[in-house]
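Structural features, examined
Spelled out from the first residue to the last, the chains are:
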Amino acid sequence: MRDYDEVTAFLGEWGPFQRLIFFLLSASIIPNGFNGLSAVFLIGTPEHYCRVPDSANLSSAWRNHSIPLRLQDGQEVPHSCRRYRLATLANFSALGLVPGRDVNLTQLEQERCLDGWEFSQDVYLSTIVTEVGPTPPTAGARDWGAAGALAVLEPTTPPQWNLVCEDDWKAPLTISLFFVGVLVGSFISGQLSDRFGRKNVLFATMGMQTGFSFLQVFSTNFEMFTVLFFIVGMGQISNYVAAFVLGTEILGKSARIIFSTLGVCIFYSFGYMLLPLFAYFIRDWRMLLLALTVPGVLCAVLWWFIPESPRWLISQGRFKEAEAVIRKAARFNGIAVPSTIFDPTELQDLSSQKQQSHSILDLLRTQNIRMVTVMSIILWMTISVGYFGLSLDTPNLHGDIYVNCFLSGVVEVPAYTVAWVLLQYLPRRYSMATALFLGGSVLLFLQLVPPDLYYLTTVLVMVGKFGITAAFSMIYVYTAELYPTVVRNMGVGVSSTASRLGSILSPYFVYLGAYDRFLPYILMGSLTILTAILTLFLPESFNIPLPDTIDQMLRVKGIKYRQSPTHTRVLKDEESPTILKSTAF
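Residues numbered from 1 in each chain as written. Predicted model: local features only at pLDDT ≥ 70, side-chain atom pairs only at ≥ 80, totals over all residues. Heavy atoms only, no water.

**Some remarks on the overall build of the protein**
Short version of the rule: The way it works is that DSSP assigns letters per residue, a run of H or I at least four long becomes a helix, a run of E at least two long becomes a strand, and they are numbered from the N terminus. Contacts are assigned to residue pairs with any non-hydrogen atoms lying within 4.5 Å of each other. Computed with a 1.4 Å probe, the accessible areas rest on the Shrake-Rupley method; for each residue, only the protein chains presented here act as cover.
Within the protein one finds 21 helices and eight strands. For the protein, long-range pairs separated by at least 24 residues make up 81% of all intrachain contacts whose partners lie at least 6 apart in sequence. By element, 63% of the accessible surface of the protein is carried by carbon and sulfur atoms, the whole surface being about 26300 Å².

**Side note on the packing of helix H8 (residues 198-216) against helix H11 (residues 285-292)**
Packed helices, taken two at a time, are described by the angle their axes make and the gap between the axes. As a reminder of what qualifies: Helix axes are fitted to C-alpha atoms over the stretch in contact, other axes to C-alpha atoms as well, and angles between N-to-C directions run from 0 to 180 degrees. Any angle from 65 to 115 degrees is called roughly perpendicular, while one under 35 is roughly parallel, one over 145 is roughly antiparallel, and all others are oblique. In a left-handed crossing the near helix is turned counterclockwise from the far helix by less than a right angle, and in a right-handed crossing that turn is clockwise.
Closest axis-to-axis distance for the H8/H11 pair is 9 Å, and the angle between their directions is 165°. When the interaxial angle is binned, H8 and H11 end up roughly antiparallel. At the point where H8 passes H11, the crossing takes the left-handed sense. When H8 is examined against H11, the residues Ser213, Phe214 and Gln216 are found in contact with a partner set consisting of Trp285, Arg286, Leu289 and Leu290.

**Structural notes on a nonpolar patch on the surface**
Defined as follows: Like-charged residues are merged into a patch within 9 Å and nonpolar side chains (Val, Leu, Ile, Met, Phe, Trp, Tyr) within 5 Å, provided each residue has over 30% relative accessible area and no salt bridge. Salt bridge, as used here: a side-chain nitrogen of Lys or Arg that lies within 4 Å of a carboxyl oxygen of Asp or Glu. For the exposure calls, accessible area comes from a 1.4 Å probe over protein chains only, and a residue counts as buried if that area is under 20% of its type's maximum, exposed if over 50%, partly exposed in between.
Together, Tyr430, Phe437, Leu530, Ile533, Leu536 and Phe537 make up a nonpolar patch on the protein surface, roughly 550 Å² of accessible area in all. Elements represented by at least two residues in the nonpolar patch include exactly helix H18 (428-445) and helix H21 (519-535). One can find Tyr430 in helix H18. Judged by relative accessible area, which is 47%, Tyr430 ranks as partly exposed.

**Some words on the nonpolar core**
Condition: Take the buried residues of types Ala, Val, Leu, Ile, Met, Phe, Trp, Tyr and Cys, join any two whose side-chain atoms come within 4.5 Å, and each joined set is a nonpolar core.
In terms of nonpolar packing, the biggest core is built from 120 residues, with Phe41, Ile43, Phe225, Ile383 and Met432 touching the most fellow members. Sorting elements by how many residues they give to this core places helix H19 (residues 454-482) first, with twelve residues. Not counting the four nearest positions on each side in its chain, Phe41 is found in contact with Tyr124, Thr127, Leu275, Pro276, Ala279, Leu288, Ile401, Tyr402 and Cys405. By size, the runner-up hydrophobic cluster in this structure holds twelve residues, among which are Ala56, Trp62, Leu86 and Leu105.

**What about the packing of helix H15 (residues 367-392) against H21?**
The condition that has to hold: Under this grouping Gly is polar, as are all residues other than the nonpolar Ala, Val, Leu, Ile, Met, Phe, Trp, Tyr, Cys and Pro and the charged Asp, Glu, Lys and Arg.
Contact geometry of H15 with H21 gives a least axis separation of 10 Å together with a crossing angle of 145°. Once H15 is placed against H21, the crossing between them reads as left-handed. Residues Met375, Ile378, Leu379, Thr382, Val385, Gly386, Gly389 and Leu390 of H15 touch H21, and the partners they reach there are Tyr521, Met524, Leu527, Thr528, Thr531, Leu534 and Thr535. Residue classes in the contact of H15 with H21 are distributed as nine nonpolar, six polar and no charged.

**Notes on unusual backbone geometry**
Unusually for a residue other than glycine, Cys165 sits at a positive phi of about 55°. For Cys165, the location among the structural elements is in the loop between strand S8 (150-153) and helix H7 (170-196).

**Section: the side chain of Thr127**
Using the following cut-off: Pairs of N or O atoms within 3.5 Å make up the polar contacts considered here, provided that, within protein, one atom can donate a hydrogen while the other can accept it, and that residues adjacent in sequence are counted only when both atoms are side-chain atoms.
Considering the arrangement of structural elements, one finds Thr127 in the loop between strand S6 (117-119) and strand S7 (141-144). On the basis of relative accessible area, Thr127 is assigned to the buried category, the value being 0%. Among the polar contacts made by the side chain of Thr127, one reaches the main-chain carbonyl oxygen of Gly44 at a distance of 2.8 Å. Ignoring any residue separated from it by four or fewer positions in sequence, one finds Thr127 in contact with Phe41, Leu42, Gly44, Pro46 and Trp285.

**Regarding H15**
Rule in force here: Expected span of a helix: the number of residues minus one, times 1.5 Å.
When the terminal C-alpha atoms of H15 are compared, their 37 Å separation across 26 residues agrees well with the 38 Å that a helix rising 1.5 Å per residue should span. The element H15 is extensively covered by neighbouring structure, given that 19 of its 26 residues are classed as buried.

**Brief notes about the pattern of salt bridges**
Counted under the stated rule, the structure contains ten salt bridges. Note that Arg101 and Asp102 form a salt bridge whose closest N and O atoms lie 3.2 Å from each other. Between Arg286 and Glu131 there is a salt bridge, and its shortest N-O distance comes to 2.9 Å. One end of the pair, Arg286, is in helix H11; the other, Glu131, is in the loop between S6 and S7, and 155 residues separate them in sequence. A relative accessible area of 13% places Glu131 in the buried class. What emerges from the salt-bridge pattern is a single network uniting Arg83, Glu111 and Asp115.

**What to know about the state of the cysteines**
The criterion, for reference: Cysteine sulfur atoms are paired as a disulfide whenever they fall within 2.5 Å.
Under the criterion given, the structure shown has two disulfides. Between Cys81 and Cys165 runs a disulfide, and the two sulfur atoms are separated by 2.0 Å. Between Cys81 and Cys165 the sulfur-sulfur dihedral comes to about -95°; the bridge is accordingly left-handed. Of the two residues, Cys81 sits in the loop between strand S3 (75-78) and strand S4 (83-84) while Cys165 sits in the loop between S8 and H7, which places them 84 residues apart along the sequence. Residue classification places Cys165 among the buried residues on the basis of a relative accessible area of 10%. Each bonded cysteine of the protein gets a number by its place in the sequence, and the pairs then read 1-3, 2-4.

Structure representation (structure tokens):
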């Protein structure tokens, strides 16, 4: 029997049709590059301090000294969440006392920001952190009389969403819930595309991502914004997976490899680089979010240019539709079409293949596959924490946030390119370990950089991002090569789930920077280096045929194994890998 690649070999590998599909599907990934990471600007926390209402009867001197100072990075700065008790200051002001001379400020009682906050607009005009909601009818402002008496007046400003100080945990929670949506979407996207088709799911979830992003513009509270962000996360990963699968099924082997390792990744980076460009010129979060939905709307035009996967149509027994797609591709390439393309009696019909009798428990069946599974989970989770942690941490770097975010996107292009070259010519273990050692070591070195060399700090962070991004790109191929055919999809799926869990945790690594500026880098750097060491114990898969059964798997280094049982599980179905035909490209 001839397989699909043999039947469609007459189309060629890189004709006009393949080039069109390559670039259109890659372009459909661009909105994914800025939708998730848009949180850097949508949920950014500007500098802030307690508001002192105009109704507080304070002299200019006491108003200027109403905010206590705290030590931050060796410098005294106004406290973000505390102020001196206004009633006390009003009494001192009425008595004509001078702050610092007549009154020791360090001994004064402090209070929370009872009247809200003042936010700097140097970087953002507004974010959801600074957003205000509808004014409650019972809310009132405070007025301090000359004698310090408290009077309740009519409300003058609506309350904010309160994502700072006691509620600053809500900002990283919003980002984590987006990645929870990504996790849920990754579970259902494959089933949806298998049931309804790659193209239908691609455009339905693209519309879902764009539509719910548009609805976020009209969010009236934090809860509404967060729920919609969760749904956007579901749509984002679903259309990414659908585009990835559609490309790998339509394109030939050589183009398929470049598409899966370079095409989708680099176009994702292009979307990432567009994000700070949009944000620089549009600094109001609602208008920025509205602008970011435009590319998704434009992608709707691609419906008339991207066909359904002929492989999926064949698996559904829809041979005439699959043949129509292939004939159209042949005409586009200027190639003569055979009179008969698909012969149902000859073609290896995917729908007639037996279902595998393997379960997820097979990933733990032997000592060797257990070790590979556990090590893969740790590897994927750590790399994901590093990648998203560094991406979300760009507002905390010295210098211009928009330039730093742009550089964080730019550095991914050479990272993906270098990763592709390493996959072509060098062993997997050493390539992965080198990239991780590079990323982790420079992150640990950051705490030794003098404070005045902040540009060096930014450069080192970008080098760390380069190493971790390169490792992220290689881990997909490496994991697929380690698992045997009978459980390869399950193995990569479990590892990918661990990656989603890492992305959910990553905002809280950034959040730790509020307590110690270098703590996120120390944690991410340490975990990355430990993971690099762990990688060296994995088996080498470069230029080695892919294993088909669990007993054919390569052995983890440094572990003594018991004698394998004489019987081996019967391979009921040999899966043809979509991307990897061998370990050598």
